[in-house]
Structures are given as structure tokens and as C-alpha cells.
Amino acid sequence: MMASASTIDSPTCTNCGSACRLHFRTKDYNRKISDEQFSHYLCTQCALLFIHPAPSDLGSYYPRDYHHIPDSVTFLEANHKHENYKVNIILRFKASGRLLEIGPSLGTFAFAAKRAGFDVHTIEMNEDCSRYLNEVAKIPTVNASDIDSALQALEPFDVIALWHVIEHLVDPWTTFAHIAKNLKPGGICVLAAPNPNAFQFKAMGKRWPHVDAPRHLYLIPQEILAKQAEKCGLQLEFATTDDEGARGWNTFGWEYWLGNFVRHPRINRLLRRFGRKLARVVSHWDQAQGCGSAYTLVFRKIRS
């Protein structure tokens, strides 16, 4: 039985400690695992948006088919080129070295980075994905639900990457601090996450697919991460909401926003197809500065 997501007392902000107000209640529109309502609170000072309380049984919202596990490396060989834009972002700041990806899933980016010459390691929470990465893809992977402990047990890295992972973490600030500690001097952290300042979020509100309750525990303004980075000795080097990844998430947003209104398979497919067309019509607004559905940030370690 799923844990209740009701709340009585308004929480304080986990980032700055300020008062928060209830912003909206929503449910799992993307996967429809339950009809529970999840309360999202907005900090009145820093604009952090987060679920409170977080479900105690979060694993229940990641079904067995959340990851489709291939049986060979052919999948990675066929799909890793879609991740090359991420590698190219990193190559602007680091040409080689030890690279850690946190939350690689099936490892398409990790495989692309390995092809580009990086010494790639990963930390993955899912046991099946970890087995695939270790045994089939031959990418050294630590299977761990405790990312912080896993980080502390590894040697320092030149690059640490999190692609749409930080919003899933129960305590992103502690993990971010451990990431900073585990970077070599001059090393970089690159991360992408949903953008709460997105044009789509303003238009769709609580039904925005990137709210993805309850799997996305946080929607974090990039300014918060920049300030957290400064505390940890990191400096923001690059920020965008209009890279190849953000544009893909823009299309995803319109497609699933419409598709999520109905369960009937045929009508769902028609609405999603219309959503893809709509994404092209409104791309001017999605691609305006700071308005894309996701941001990508690169931080460099300037002090310990």
C-alpha cells in the first residue's frame, strides 16, 4: 500500500530555512501508478519547489519496467550518438581524465564518454542496470542506493556528471557537497535538471510532465545551485536552457502534457502526435533565454 502524501504543517525550506507555502497538489499524471495527491511547497524566499512529505516508499513509484534492460551492447552502440552533445559540452572544459556519472540508467552517455576517451565509472541505484553496465557494457559501476557513501569510497574524478538525477534525490544539498569534495582541483561537475522557470511550467502548472510527481522531489532554480556551488568551492562556468537536451525535453513536455489527459491508447497517440506539432509552433517561447524545459550547468572546482 502506498504511503499517504497528505500534510498538515507547512515545512521550512531545505535550502535556506525560510517559510514555505502550499503551491499546488498534483498526482502521478505520467505513469498513473496511483491517484494519490502530492503536496508541493514553494519557498517564499529562494523559490525552491519541493514535495512534502516525500513518500516513504519512493521505490513503489519506479516500476520494474522503468528500465528496459537490453541483452547486449548493441543497444549502446546504436544509441550512444544521441548523447554526444553532452560529451561535446564536457570537452569544452575537460579533454580527458576520470569521469563519474551518477545515475546512468542503461549507460548511453557513459558509453559515449568512454568512446570519447574518458576513463568512465558510474554509480547506479538500480540493480539490473548496474549488472548490465558491469557485465555487458564493461563500465565499472557501483550499485548503491546511498550515493554519498559510494562517492566517499571512490578516488577523485576530473568530471562528475548528473543528467536529470538531482531532482530525484532526497537530500540533494549533501550529495552536491560530496560531489564537490570528490572532484580534483580544476575538475568539473556537469548537471542537467528540469527548469522551474520554464515557459511550459508557467503554461501547464501542476500538469507539466516535468513535475513528474512523486519521482521528482525537487524543482530547483539554477540560481540555488549556483549559490550552493559557491559554498562548496565550485564556480559556475556555463549555463544554458537551449541545448539539444533541453529542446528534446521541450517536445516531450508538449507531447505528454496532451497525452496525459486520456488513457485510451488511440486517442493518446493522436494527442501526443499533435503535441509534437504544437512544440514546433511554440518553439520560439520554449527557446527564449532561460525558458527551456531543462537547464544544463557546468561548475569548476576552484578551491577545496
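Note that the structure is a prediction, hence the values are computed from the model and not measured.

A. Inspection of the sheet that holds strand 8 (residues 183-194) at higher detail. Across the sheet, seven strands lie side by side as 6-5-4-7-8-11-10; this open sheet has mixed pairing. Where the open sheet ends on each side, the last strands, each with one partner, are strand 6 (141-143) and strand 10 (234-240). Averaged over all pairs of adjacent strands, the angle between their axes in this sheet comes to 15 degrees, without regard to strand direction. Bridging between strand 7 (residues 157-163) and strand 8 involves six bridges; their strand directions are parallel.

B. Quick peek at the environment of Lys231. Structurally, Lys231 is set in helix 8 (residues 222-231). Owing to a relative accessible area of 61%, Lys231 belongs among the exposed residues under this scheme.

C. Structural detail: the pairing of strand 11 (residues 294-301). A large share of strand 11 lies buried, amounting to eight of its eight residues. Burial of the side chains of strand 11 extends over both faces: Ala294, Thr296, Val298 and Arg300 are buried on one face and Tyr295, Leu297, Phe299 and Lys301 on the other. Bridging between strand 8 and strand 11 involves seven bridges; their strand directions are antiparallel. Each residue of the ladder has a partner; that of Leu191, found in strand 11, is Leu297. For strand 10 and strand 11, the ladder comprises six bridges, and the chain directions are antiparallel.

D. Representation of the nonpolar core in the model. The biggest cluster of nonpolar side chains holds 58 residues, and the ones touching the most others in it are Leu48, Ile102, Ile160, Leu191, Ile220, Leu225 and Phe299. Counting residues in hydrophobic clusters, the runner-up holds 28 residues, among them Leu76, Ile89, Phe111 and Cys129.

E. Seen up close, the side chain of Thr141. Looking at where Thr141 falls in the secondary structure, it is placed in strand 6. In this structure the side chain of Thr141 is engaged in a polar contact, spanning 2.7 Å, whose partner is the side chain of Thr122. Separated by 2.9 Å, the side chain of Thr141 and the backbone oxygen of Ile139 make a polar contact. In this structure, Thr141 is in contact with Thr122, Glu124, Ser130, Leu133 and Asn134, ignoring residues within four places of it in sequence.

F. Local environment of unusual backbone geometry. At the junction of His52 and Pro53, the peptide bond is cis and its omega measures out at -5 degrees in the coordinates. Among the secondary structure elements, Pro53 is positioned in the loop between strand 3 (49-51) and helix 1 (74-79). That bond from Ala213 to Pro214 is cis: its omega, -5 degrees, falls within 30 degrees of zero. Considering the arrangement of structural elements, one finds Pro214 in the loop between helix 7 (199-204) and strand 9 (218-219). Although it is not a glycine, Ser105 sits at a positive phi angle of roughly 60 degrees. Locating Ser105 in the fold gives a position in the loop between strand 4 (98-102) and helix 3 (108-115). Ser105 sits in the partly exposed class, given a relative accessible area of 25%.

G. Broad picture of the packing of aromatic side chains. In the structure shown here, the tally under the stated rule is 15 aromatic pairs. For the ring pair Phe201 and Trp208, a centre distance of 5.0 Å and an interplane angle of 25 degrees mean the geometry is stacked. We note that Phe201, like Trp208, is buried. Ring geometry for Trp249 against Phe252: centres 5.2 Å apart, planes inclined by 80 degrees, an arrangement best described as edge-to-face. One end of the pair is Trp249 and the other is Phe252, both in helix 9 (residues 244-259) and three residues apart, which spans about a single turn. For Trp249, a relative accessible area of 30% corresponds to the partly exposed category.

H. Highlighting the sheet that holds strand 2 (residues 38-43). Taken together, four strands build an open sheet; the order of strands is 1-2-3-9 and the sheet is antiparallel. Each of the sheet's edge strands pairs with one partner strand only, and the pair in question is strand 1 (20-26) and strand 9. By the bridge criterion, two bridges tie strand 3 to strand 9 in an arrangement that is antiparallel. Pairing of Phe50 across the sheet is with Tyr218, part of strand 9.

I. Region of interest: the pairing of strand 7. A large share of strand 7 lies buried, amounting to seven of its seven residues. Pairing geometry for strand 4 and strand 7, over three bridges, is parallel. From the neighbouring strand, Leu99 faces strand 7, where its bridge partner is Val159. With respect to chirality, the unit in which strand 7 leads through helix 6 (residues 172-181) into the neighbouring parallel strand 8 is right-handed.

Calculation criteria
Counting from 1, residues in each chain are numbered in the order their sequence is written. Residues qualify for local features only when their pLDDT is at least 70, as the model is predicted, and side-chain atom pairs are given and counted only at 80 or more; totals for whole chains, interfaces and linings, by contrast, use all residues. The basis for the side-chain values is all heavy atoms of the structure; hydrogens and waters are excluded. Between any two strands, at least two bridges found by DSSP are needed for them to pair. Here a strand is any run of E in DSSP of at least two residues, a helix any run of H or I of at least four, and the numbering for each starts at the N terminus. To define axes, lines are fitted to C-alpha atoms, for helices over the stretch in contact only, and angles between the resulting N-to-C directions are given on a 0 to 180 degree scale. Buried means the residue's accessible area, taken with a 1.4 Å probe over protein chains only, is under 20% of the maximum for its type, while exposed means over 50%, and partly exposed covers the values in between. Residues enter a nonpolar core if they are buried and are Ala, Val, Leu, Ile, Met, Phe, Trp, Tyr or Cys, with the set joined through side-chain atoms within 4.5 Å. Nitrogen and oxygen atoms within 3.5 Å of one another constitute a polar contact, given that in protein one can donate a hydrogen and the other can accept it, and given that sequence-neighbouring residues count only through two side-chain atoms. We call two residues contacting when some pair of their heavy atoms lies within 4.5 Å. By convention, a stacked pair of Phe, Tyr or Trp rings (six-membered ring in the case of Trp) has centres within 6.5 Å and planes under 30 degrees apart, an edge-to-face pair has planes over 60 apart, and any other such pair is tilted. For crossovers, right-handed means that the path from the first strand over the helix to the second runs clockwise, given strands pointing away from the viewer.

These results come straight from atomic positions and should not be treated as a statement about function.
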